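Observations on chain architecture
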Amino acid sequence: MFELASGLPSEPQLRLIAQVLHTGGQAWVYWPAEETIERVDNERWLSLRRHVKAVKWMKRIGLPIDRAVTTWHRAPTGLRWIYRGEFPVRRSDILVKLTLLTLRAQPVPLDRPACGGDVLRLAGVGLYLRTDYWATGRDDERMSRVVAELAAISERVVCLTPRHDRLLDGMGVQQVVMDPPRLTAGEDAIVLAPTHYGPIVKAACQTLRPAFLYERICAGQSVGAELSQVLGIPYIVEYPGSDVMLREAIDGMAPFYPELYARAEELALRQATIIVAGSSNLEEHVTARGVDAARVLVVPGEAGLGVQLRTFVEGQAGATRHANSIETGDSYKDQIQRQWNRNPVGSQHAGTSQPRTLEWFLEVERHRYRVYAPWMPETMEFAHHAGHEVLEIGGGLGTDLAQFAMHGATVTDVDLAAGHLQLAEENFRLRGLRGRFVHDDAESLPFTDNSFDLVYSNGVLHHTPHTARVVREIHRVLRPGGRAIVMVYAEHSWHYWRKLVWLFGVKEGMLERMSMGEIMSRSVERSANEARPLVKAYTKSGAQALFQAFDRVEIVQRQLLAEELPSGLQWTLPLSERMLGWNLIVKATKPGDGRKASDVRN
Ligand SMILES: C[S@@+](CC[C@H](N)C(=O)[O-])C[C@H]1O[C@@H](n2cnc3c(N)ncnc32)[C@H](O)[C@@H]1O
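Because the structure is predicted, anything quoted here is derived from the model rather than measured.

**A word on the site of the ligand**
Neighbouring the ligand are 21 residues, the closest being Arg368, Gly394, Asp415, His420 and Asn458. For the ligand, an oxygen atom lies 2.6 Å from a polar atom in the side chain of Asp415. Its free accessible area being 600 Å², the ligand has 96% of it covered by the protein chains. Residue composition of the shell around the ligand, grouped by class: seven nonpolar, eight polar and six charged.

**Things to note about the sheet that holds strand S2 (residues 27-31)**
Strands sit in the order S1-S2-S3 across an open sheet of three strands; the sheet is mixed. With one partner strand each, in any of the chains shown, strand S1 (2-3) and strand S3 (36-40) form the two edges of the open sheet. Where S1 meets S2, two bridges bridge the pair, whose relative direction is parallel. The partner of Phe2 across the bridge, within S2, is Val29.

**Side note on the packing of helix H17 (residues 494-507) against helix H19 (residues 516-523)**
Packing of H17 against H19 brings their axes to within 11 Å, and their N-to-C directions diverge by 100°. With respect to H19, the axis of H17 lies roughly perpendicular. Judged by residue contacts, Tyr496, Leu500, Val501, Phe504 and Gly505 of H17 engage Met516, Ile519, Met520 and Ser523 from H19. Considered class by class, the residues forming the contact of H17 with H19 number seven nonpolar, two polar and no charged.

**Concerning the pattern of salt bridges**
This model, assessed by the stated rule, comprises 27 salt bridges. Note that Lys59 is salt-bridged to Glu512, the shortest N-O span being 2.9 Å. Taken together, the residues span a long stretch of sequence, with Lys59 in helix H2 (residues 42-84) and Glu512 in helix H18 (residues 510-513) at a distance of 453 residues. Here Asp449 makes a salt bridge to Arg476, at a shortest N to O gap of 2.8 Å. Of this pair, Asp449 sits in the loop between strand S14 (436-439) and strand S15 (452-458) while Arg476 sits in helix H16 (residues 467-477), placing them 27 residues apart in sequence. Taking relative accessible area as the criterion, Arg476 reaches 23% and is therefore assigned partly exposed. Taken together, the salt bridges that share partners define one network made up of Arg142, Arg216, Glu238 and Glu248.

Definitions and limits used
In this numbering scheme, every chain counts its residues from 1 along its sequence in written order. The predicted origin of the model limits local features to residues at a pLDDT of at least 70 and limits the giving and counting of side-chain atom pairs to 80 or more, whereas totals for whole chains, interfaces and linings rest on all residues. Derived side-chain values reflect all non-hydrogen atoms in the structure, with water molecules and hydrogen atoms excluded from consideration. Note on definitions. A residue lies near a molecule or strand when any single heavy atom of the residue is within 4 Å of it. Two N or O atoms count as a polar contact when they lie within 3.5 Å, although within protein this holds only if one can serve as hydrogen donor and the other as acceptor, and sequence-adjacent residues are included solely when both atoms are side-chain atoms. Note that accessible areas follow from Shrake-Rupley with a 1.4 Å probe, and for residues the cover is restricted to the protein chains shown. Note that Gly is not counted as nonpolar here; it falls among the polar residues with everything else outside the nonpolar set of Ala, Val, Leu, Ile, Met, Phe, Trp, Tyr, Cys and Pro and the charged set of Asp, Glu, Lys and Arg. In short, DSSP must find at least two bridges between two strands for them to pair. The secondary structure listing takes helices from DSSP runs of H or I that are at least 4 residues long and strands from runs of E that are at least 2 residues long, numbered from the N terminus. Each axis is a line fitted through C-alpha atoms, taken for helices only over the stretch in contact, and angles between the N-to-C directions span 0 to 180 degrees. By the definition adopted for this analysis, an angle is roughly parallel if under 35 degrees, roughly antiparallel if over 145, roughly perpendicular if from 65 to 115, and oblique otherwise. Contact criterion: two residues are considered in contact whenever any of their non-hydrogen atoms come within 4.5 Å of each other. Only one rule defines a salt bridge in this text: a Lys or Arg side-chain nitrogen within 4 Å of an Asp or Glu carboxyl oxygen. Three exposure classes are used, based on accessible area relative to the maximum for each residue type with a 1.4 Å probe and protein chains only: buried under 20%, partly exposed in between, and exposed over 50%.

Next up, the structure:
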């Protein structure tokens, strides 16, 4: 067993592992910080060697070039700043920063209230924060009522605000007014405001060491969430809704930086210990985006907010408001349920429609087949299985399964996440489709041998710990001549090497501290809670080996978006997608002459 000091073995360790394997021995690698052990066979050794070599060159050549290019690109900005005193927005810098903070987001728990005088109070100082300098001139009545509620349940409250508020005077709270940013006109000023407020709020937090930070979030602002993460301060977010935030900041105009506003909001929601929503509508919007309902407190109006917050904090430790879980005795499978009971896959693309309505499901579908993966309907053969018995493993919201059903297949979905299964059932009911929905584990399918003509699975097998077991189960339940169409993530892909290895692993230094498995677990799936699902990536030969009991195994590679490629290379998209796409689609046939399945058109 080789204990690794970073995400990858050292070169001497690699050589020793090779010797062990050559002499017919067995080798394991062990990441102590992750408490993870992995067996290394020849295929895995080759993969580790590829990573070690590539990372070495990325550090030797890639990093210095990247630094030079960044400096070169920053030069005009710096010069403009020196000569004009004007700091233009670098949209990509802000986006990268917000993306990384969002990846690392982790709510910080609040201490239980303690007895202070005659009432239960949140111990220590509560810091109330606002950075919406654009709302100047009006005393905000809601703000003063919220602050009064916080003061009633806290030892002391300090307000950090961008303007003096008369209503806060005489309330027994300390008000600290922050100087306005130098630039306050237009949207550039909004997205740059965190660089101005960040150091001020940080200094206040380091001096006061607040027990919690309460922020009424507003468009493009990320200071509260960032400091909560960096300084480990519990963070309570008052969420007025995206539309309201935009209306307040830019007065109903079409936003110039929509992706920055969306990312800042996502960061705040992911980092929040508690999200205070003014209505159950807002709560639904937040949970539909994958936020754990156990972190959302609905308080219509502000009366009683303090007491409800206190009770919520008391109850939060024991709160387990989520769908039924299956006891699997396997921590990886617990993570699967934790992830997909609460984070409906693809729901972030549902725009503004009411969650769980037909329009919501259709919006998810439109984004999937028109924007994200237009190749899917043809490659996944949705229209080619009329009259067949189709099983989908891990159907998510049921979007793909609905396509098979609409084209005349008899369909079954088996999913470990009860939350997903309920949504898929709801999707079918709203579309007037029929299907069977089974809550179970694909590693031991609850179906008799030879019962399906097609087993389909998209983005599932790389999350389950015993992938080979699932493939054996697929083989067992397929009729002779029946087909499997299974998508897993591709190691030899642009997404893997550019984003996961280069950007997160090398540039951000994550590989110094953690394995590629941990980087994927933290970054590949969108998760607004603490879930860290297992994620694996396969080479074509690895995928081929998994399906060795099948005949006619064909593997196609897809899934690359033009915007992922540098602009000068976008014309190569059709070819690049086939060589470097993030998805490997394995199509395989169970040996034998199935009567029904044999007439499948490819
Ligand atoms: C990333 S989602 C993919 C959902 C859907 N196929 C799609 O493409 O949108 C992974 C799904 O696989 C399910 N899953 C993972 N491991 C499973 C297992 N061992 N048995 C059944 N379902 C599983 C999860 O619950 C989740 O619904």
